[in-house]
Amino acid sequence: MKKLALRLRQEAVILVLAVLIAVLAWIEGANVAVVLAILAVVAVAALLRSPLVGPVKVSAAPEPPAADPHSVLQPMVAPLAALDMPLLVVDQDAAVVYQNPASERAMDSFPPGAHLSAKLRSPGILDMVRETIATRVPNQIEHSERLPSERVYIVRISPIDLPSANATGQSFFLLSFRDISELRHIDRMRSDFVANASHELRTPLASLRGFIETIQGPARNDPKAQERFLAIMFDQATRMSRLVDDLLSLSRLELKSHIAPDQKVDLVPLLGHVRDSLLPLAGDLDVTITLDMPQSKVEVTGDRDELVQVFENLMENACKYGQEGKRVDVSLRNVPGQAVEVTVSDSGGGIPAEHVPRLTERFYRVSVENSRSKKGTGLGLAIVKHILTRHRARLIVKSEVGRGTDFTVRF
Ligand SMILES: Nc1ncnc2c1ncn2[C@@H]1O[C@H](COP(=O)(O)OP(=O)(O)OP(=O)(O)O)[C@@H](O)[C@H]1O
Ligand SMILES: [Mg+2]
């Protein structure tokens, strides 16, 4: 019905003309039946022919075709790909339109045109992205991940001002991931270090103050007690100065860690000297130190005093912590064509495997009580590691609980 009405409206001119002609013909005395027949033929022919003018489609002004995001972003791709910071470009719908290789490594590849949430589940990041897309104001948040490894990122989003994109009404946003895990780690180490150092100093200081108060007060007239307390105070003061010496030694080593030593040092007399200096301690602990060395010189490039410090600490540790094995064996190997190696072995209780990788951290001790009771500060192996790093040498630790420990220095 609608169609017929439409056709009638479209052919109105022809139909009205035909009716007019028919009326005139009838007035002029033409046969009514013939006039009506001709009128019917004209009307049917007019309605059946295809219209000259089709319905005019009314449409809004044509939109400029949306440019392919890849071609708009093309000039940016090479510089973004060259950066080793993970970067993503998203469009106004938060769909990922570009991902640089660093971000593919950090978070896998996004399927083409996928929404950001396909790989990034953090509600904090998604909220921030939504807000920046709406307001075009740059923003950043801190985001931490536990898996596959603990990492902390500063995630930043900011609009990209691209004239070619603005012209087509598109907008793009750059999402960058700055990895600050290393910085955080250093920060934590620094604050742990300060906390540990002050803690180590606080204990002997508190005990010194306590004894001074006792000597000034209750023990004022008790020379015997005073003598006993003064001996303990002397021990505590010695412990503090040892700690300060170790800390200074560490910071000096850090300062020159990049300068390799250049003296020639013969390890044969050096190891003999270190053993001799430790004989009183070994005697007290009832430990024998044996030396197995070639007759000839074994020279390495190094700093004599620093190497003395290394072997003193290794032999002292072996005596103190491997005491129950009763012996410490020091061997020097110099096989032609191979690295010079010094091994300090004890047959003591050994070190559980989970502690071995952390032994060279500052203040790290397997048992704090055991180490303190042996006047240890937990800095010895940290100093050893620093010295060996400067000497481009390695420290290899092999330990078996119940069998003993081997510390090997490989030059
Ligand atoms: N030969 C060893 N056998 C068993 N445990 C060891 C041995 N050598 C080191 N350790 C463990 O490693 C820890 C760290 O040693 P390190 O030499 O750094 O510190 P320390 O001996 O306690 O103190 P410092 O050397 O400053 O006097 C020790 O506290 C001890 O628990
Ligand atoms: Mg030590």
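Enquirer: What is the right way to look at the layout of surface pockets in this model?
Expert: Think of a ball as big as a water molecule: rolled over the atoms, this probe shows where empty space is left. Approximately 980 Å³ is the volume attributed to the largest pocket. Lining the largest pocket we find 39 residues, and of these Asn-313, Glu-316, Asn-317, Lys-320 and Tyr-321 sit closest to its centre. Those elements that provide at least two residues to the lining of the largest pocket are helix 9 (223–255), helix 10 (267–285), helix 11 (304–321), helix 12 (368–373), helix 13 (380–390) and strand 12 (404–410). Among the elements that make up the lining of the largest pocket, the one with the highest residue count is helix 11 (8 residues). Two domains share the lining of the largest pocket, each providing at least three of its residues, namely domain 3 (184–255) and domain 4 (264–410). Of the voids in this model, the second largest pocket is the one considered here, and its volume is about 750 Å³. Contributions of two or more residues to the lining of the second largest pocket are made by helix 8 (181–216), helix 9 and helix 13. A per-class count over the lining of the second largest pocket returns 9 nonpolar, 8 polar and 10 charged. Residues lining the lining of the second largest pocket come from more than one domain, with at least three contributed by each of domain 3 (184–255) and domain 4 (264–410).

Enquirer: Looking at this structure, how should I read unusual backbone geometry?
Expert: Glycine aside, a negative phi is what most residues show, and trans is what most peptide bonds show. Non-glycine residue Asp-108 carries a positive phi angle of around 65°. If you trace the backbone, Asp-108 turns up in the loop between helix 5 (101–107) and helix 6 (123–135). We classify Asp-108 as partly exposed; its relative accessible area is 49%. Look at Arg-392: it is not a glycine, yet its phi comes out positive at around 55°.

Enquirer: It is not clear to me how the pattern of salt bridges should be interpreted in this structure. Could you clarify?
Expert: With the rule as written, the count across this model stands at 20 salt bridges. Between Arg-239 and Glu-200 there is a salt bridge, with the nearest N and O atoms lying 3.1 Å from each other. Here Arg-239 is found in helix 9, whereas its partner Glu-200 is found in helix 8, with 39 residues between them in sequence. Side by side, Arg-239 and Glu-200 carry an identical accessibility label, which is buried. For the salt bridge of Lys-297 with Glu-299, the shortest nitrogen-to-oxygen distance reads 3.8 Å. On the basis of relative accessibility, which here comes to 59%, the residue Lys-297 falls in the exposed class. Each member of the salt-bridge network shares a partner with another, and the members are Lys-256, Asp-303, Glu-306 and Arg-390.

Enquirer: It is not clear to me how the coordination of the magnesium ion (ligand 2) should be interpreted in this structure. Could you clarify?
Expert: Octahedral six-donor coordination of a metal ideally yields angles of 90 or 180 degrees, compared with 109.5 degrees for tetrahedral four-donor coordination. Donor atoms from the polypeptide that coordinate the magnesium ion (ligand 2) comprise Asn-313 (OD1) and Asn-317 (OD1), at 2.2 to 2.4 Å from the metal. One end of the pair, Asn-313, and the other, Asn-317, are both in helix 11, 4 residues apart, so they sit about a helical turn from each other. There is no split in this pair, since Asn-313 and Asn-317 are both buried.

Quick notes on the rules
Residues numbered from 1 in each chain as written. Chains lettered and ligands numbered in written order. Predicted model: local features only at pLDDT ≥ 70, side-chain atom pairs only at ≥ 80, totals over all residues. Heavy atoms only, no water. 1 Å grid on protein atoms, 1.4 Å probe; cavity = no way out; pocket = protein on both sides within 12 Å on 5 of 7 lines; lining within 4 Å. Points joined across faces, edges and corners; volume = space filled by probe spheres on them. Helix = DSSP H or I, 4+ residues; strand = E, 2+ residues; numbered from the N terminus. Domains from an automatic or database assignment. Nonpolar A, V, L, I, M, F, W, Y, C, P; charged D, E, K, R; others polar. Buried < 20%, exposed > 50% of the residue type's maximum accessible area, 1.4 Å probe, protein only. Salt bridge = Lys/Arg side-chain N within 4 Å of Asp/Glu carboxyl O. Donors = N, O, S within 2.8 Å, 3.2 Å for Na, K, Ca; no water.

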